[in-house]
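Observations on the three-dimensional arrangement
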Amino acid sequence: MAAAVVVARGAGARAATAATLRGGCGTAARGRPCVGPARPLCAAPGTAPDMKRYLWERYREAKRSTEELVPSIMSNLLNPDAIFSNNEMSLSDIEIYGFDYDYTLVFYSKHLHTLIFNAARDLLINEHRYPAEIRKYEYDPNFAIRGLHYDVQRAVLMKIDAFHYIQLGTVYRGLSVVPDEEVIEMYEGSHVPLEQMSDFYGKSSHGNTMKQFMDIFSLPEMTLLSCVNEYFLKNNIDYEPVHLYKDVKDSIRDVHIKGIMYRAIEADIEKYICYAEQTRAVLAKLADHGKKMFLITNSPSSFVDKGMSYIVGKDWRDLFDVVIVQAEKPNFFNDKRRPFRKMNEKGVLLWDKIHKLQKGQIYKQGNLYEFLKLTGWRGSRVLYFGDHIYSDLADLTLKHGWRTGAIIPELRSELKIMNTEQYIQTMTWLQTLTGLLEQMQVHRDAESQLVLQEWKKERKEMREMTKSFFNAQFGSLFRTDQNPTYFLRRLSRFADIYMASLSCLLNYDVSHTFYPRRTPLQHELPAWSERPPTFRTPLLQEAQAKCFHHQGVLEADT
């Protein structure tokens, strides 16, 4: 996503590169006889062409072209509050809206991950007898990103692309990067075979040695794993990585299961929950248009009630036709054996057989098959939102044909970075330089190869710079150097649409149709991607223009 933004905005760096390269030696447009992408400067009869001069002149010409292109790209900034589409979908077809709770209806402050990290760290010390010295490690919110893979047996954290290749420079043992040479020796290259990858739900099981961290709640888990690994390594303590992984996983789980996190949030709800009246605005908008709504969450009843009462209001249940808590997703979508149980106002479980899911009631556990039977809500008229691509969305789209919407909070901050002039300048030139290397690699003489090596060095340095724009260790959530990440591959497969938050729905009519942009395949002409994105890319200027228009209408009415 990040690396493709320049092309998506308009003419793109590739178009600029193509235009420059079509100029042959850089002078054909001015009437010089030399043309063609691979021909050197014209030389006098009997003399060899000056390849070094030729290549650097093409380099400078491409540089000028991209510098001239930047202002037009800056006029087409992407809107961080837009909804992006992987699959064509019309909201006019949607009759029922479903929601997860955590990081979908409710967002948490930065304090929550610190709480989870500290609580799990203390459980390691107090219950698993880990050294008390690990208490010196504190949570670093800038260390990890979502979607990373962890090799359980080798105790290394890494970023993998959509083709199972490790992004070199993003492999960490403890808090230190593993040298590229060691990674290549460890994996006999940089490719991770399918049988070593995580299973369908991102877990390390059935012989899979990799675990993929897809949950936003997993950020403190990755950081704690890395910190304890760091302590053992720094102190030359021999340990079993598999045991460490299991102990950290169990400690993080216990923070949830034992209610440590829930009690802390309920005790200081203003500290941990980000209040946003837009959540209620979204739900009210859908209700006003006659849409059915339901909630399916793994969180407990009292916790959900206090959170929803805070962000939506004490009457929040009036907005939902069905509320299901402690659903145990993804088992909820696959296990047909667990029946629903009704809960009374005091949270006591009742033994009644459930013949109908009633509005205003809260139900526990259950399963999707019984849910479909009792509600009749099937197929593509249902749209379900969640933040976990596997637990929330995968089964629904693959097995049941529901439409799915992914909530990706990181999207907003990444788009804001991608809208900066520094990022646009860097990415535009990086793509142009890549195009130059692709075209000029045909020159195999020693002088040309020295120049190309300098360009490759510059390209490598720029790649590292673009990575650090997002996260110093692991870069963007959506891209490796040039490929989509494994995270984005799964997002593209399991989510029809994705956005930073539910509030983005307020920018669209309930009959809006989302069209995915037609990006060219490698064997197709790039003409479509190089055309102005008037109808295809959600731009910031368009959103602002709409805002000003509505504001003018309101002022005229008053």
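Note that the structure is a prediction, hence the values are computed from the model and not measured.

Side note on the sheet that holds strand β1 (residues 84–85)
One open sheet holds the nine strands; their spatial order is β1-β15-β14-β13-β3-β9-β10-β12-β11, and the pairing between them is mixed. Two strands in the sheet have a free side with no partner beyond their single neighbour: β1 and β11 (340–343). Pairing of strand β3 (residues 96–99) with strand β9 (residues 292–296), which is carried by four bridges, proceeds in the parallel orientation. Bridge pairing in β9 links F99 to L295.

So, the UniProt feature "binding site: GMP" (unreviewed entry) in the chain
UniProt annotation of "binding site: GMP" (unreviewed entry) refers to D102 when read in the numbering used here. Positionally, D102 belongs in the loop between β3 and α4 (111–126). Accessibility expressed as a relative area gives 10% for D102, which makes it buried. With residues up to four places along the chain from it excluded, the contact list for D102 reads Y108, F217, T297, S299, F303 and D387. One polar contact links D102 to Y108, side chain to side chain, over a distance of 2.4 Å.

A word on the pairing of strand β10 (residues 322–325)
Residues V322 and I324 line one face of β10 and the alternating positions V323 and V325 line the opposite face, and both faces are buried. As judged from the three bridges shared by β9 and β10, these two strands associate in the parallel manner. Following the sheet pairing, L295 is matched in β10 by V323. Crossover connection from β9 via helix α11 (residues 301–311) to parallel β10: handedness right-handed. As defined by bridge partners, β10 adjoins strand β12 (residues 362–365) across three bridges and the pair is classed as parallel. Considered in β12, the bridge of I324 is made with Y363.

A closer look at the nonpolar core
Counting 159 residues, the largest nonpolar core has F320, F371 and W455 as its most contacted members. Among the elements that line this core, the one with the most residues is α4, at nine residues. With residues up to four places along the chain from it excluded, the contact list for F320 reads F99, L105, L283, M293, F294, L295, M308, K359 and G360. With five residues, the next largest nonpolar core counts L69, V70, I73 and L77 among its residues.

Topic: the packing of aromatic side chains
Aromatic ring pairs are reported here in terms of the distance separating the ring centres and the angle at which the planes meet. Inspection of the entire model under this criterion finds 39 aromatic pairs. Taking the centre distance of 5.7 Å and the plane angle of 15° together, the rings of F99 and F385 count as stacked. With a gap of 286 residues between them, F99 in strand β3 and F385 in strand β13 (residues 382–386) connect regions that are remote in the sequence. Both residues of the pair, F99 and F385, count as buried.

Observations regarding the pattern of salt bridges
Tallying each qualifying case throughout the model produces 25 salt bridges. Put simply, R173 and E182 hold a salt bridge, and the shortest N to O gap is 3.0 Å. Classification of E182 as partly exposed rests on a relative accessible area of 31%. Residues D395 and K399 are paired through a salt bridge, measuring 3.3 Å at the closest nitrogen-oxygen approach. Remark: K399 and D395 occur in helix α13 (residues 389–399); sequence separation between them is four residues, near one turn of the helix. Through salt bridges that share partners, E127, K246, D250, R253, D254 and K258 make up one connected network.

Focus on the environment of K336
You can see K336 is positioned in the loop between β10 and β11. You can call K336 exposed: its relative accessible area is 59%. Remark: the alpha-carbon pair of K336 and E370, spanning 34 residues in sequence, is separated by 7.4 Å. In this structure, K336 is in contact with N367 and Y369, ignoring residues within four places of it in sequence.

A closer look at the confidence of the model for the chain
Averaged over all residues, the pLDDT of the chain is 86; the fraction at 70 or higher stands at 84%. The least confident element of the chain is helix α1 (residues 5–9), whose mean pLDDT is 42; the most confident is strand β6 (residues 172–173), at 98. Throughout residues 528–537 the model reports pLDDT below 50, and contacts reaching past four residues in sequence, or to other chains, amount to 23 contacts. Across residues 548–558 the pLDDT falls below 50, and counting only partners more than four positions away or on other chains, this stretch makes zero contacts in the model.

A few points about the packing of α4 against helix α7 (residues 241–257)
The geometry of a pair of packed helices is captured by two quantities: the angle between their axes and the separation between those axes. For the pair α4 and α7, interaxial distance at closest approach is 8 Å and the crossing angle is 125°. In this view, α4 runs oblique relative to α7, as classed from their interaxial angle. Handedness of the crossing formed by α4 with α7: right-handed. Contacts between α4 and α7 involve I116, A119, A120, L123 and L124 from the former and D247, V248, S251, I252, D254 and V255 from the latter. A class-by-class count of the residues in the contact of α4 with α7 yields eight nonpolar, one polar and two charged.

Examining the packing of α13 against helix α17 (residues 486–494)
Axis separation between α13 and α17 bottoms out at 9 Å; the angle between their running directions is 40°. It follows that α13 is oblique to α17 by the angle criterion. The way α13 lies across α17 gives a crossing that is left-handed. Between α13 and α17, the residues in contact are I389, Y390, L393, A394, T397 and L398 and Y486, F487, R490, L491, R493 and F494, respectively. Taken together, the residues of the contact of α13 with α17 break down into nine nonpolar, one polar and two charged.

Procedures and definitions
- Residues numbered from 1 in each chain as written.
- Predicted model: local features only at pLDDT ≥ 70, side-chain atom pairs only at ≥ 80, totals over all residues.
- Heavy atoms only, no water.
- Pairing = 2+ DSSP bridges.
- Helix = DSSP H or I, 4+ residues; strand = E, 2+ residues; numbered from the N terminus.
- UniProt positions renumbered as here; feature names shortened; annotations may be inferred.
- Buried < 20%, exposed > 50% of the residue type's maximum accessible area, 1.4 Å probe, protein only.
- Contact = heavy atoms within 4.5 Å.
- Polar contact = N/O pair within 3.5 Å; in protein donor to acceptor, adjacent residues only side chain to side chain.
- Right-handed = clockwise from strand over helix to strand, strands pointing away.
- Core = buried A, V, L, I, M, F, W, Y, C linked by side-chain atoms within 4.5 Å.
- Phe/Tyr/Trp six-rings, centres within 6.5 Å; stacked < 30°, edge-to-face > 60°.
- Salt bridge = Lys/Arg side-chain N within 4 Å of Asp/Glu carboxyl O.
- pLDDT = per-residue confidence, 0-100.
- Axes fitted to C-alpha atoms, helices over the stretch in contact; angles between N-to-C directions.
- Parallel < 35°, antiparallel > 145°, perpendicular 65-115°, else oblique.
- Left-handed = near helix turned anticlockwise from the far one by under 90°.
- Nonpolar A, V, L, I, M, F, W, Y, C, P; charged D, E, K, R; others polar.

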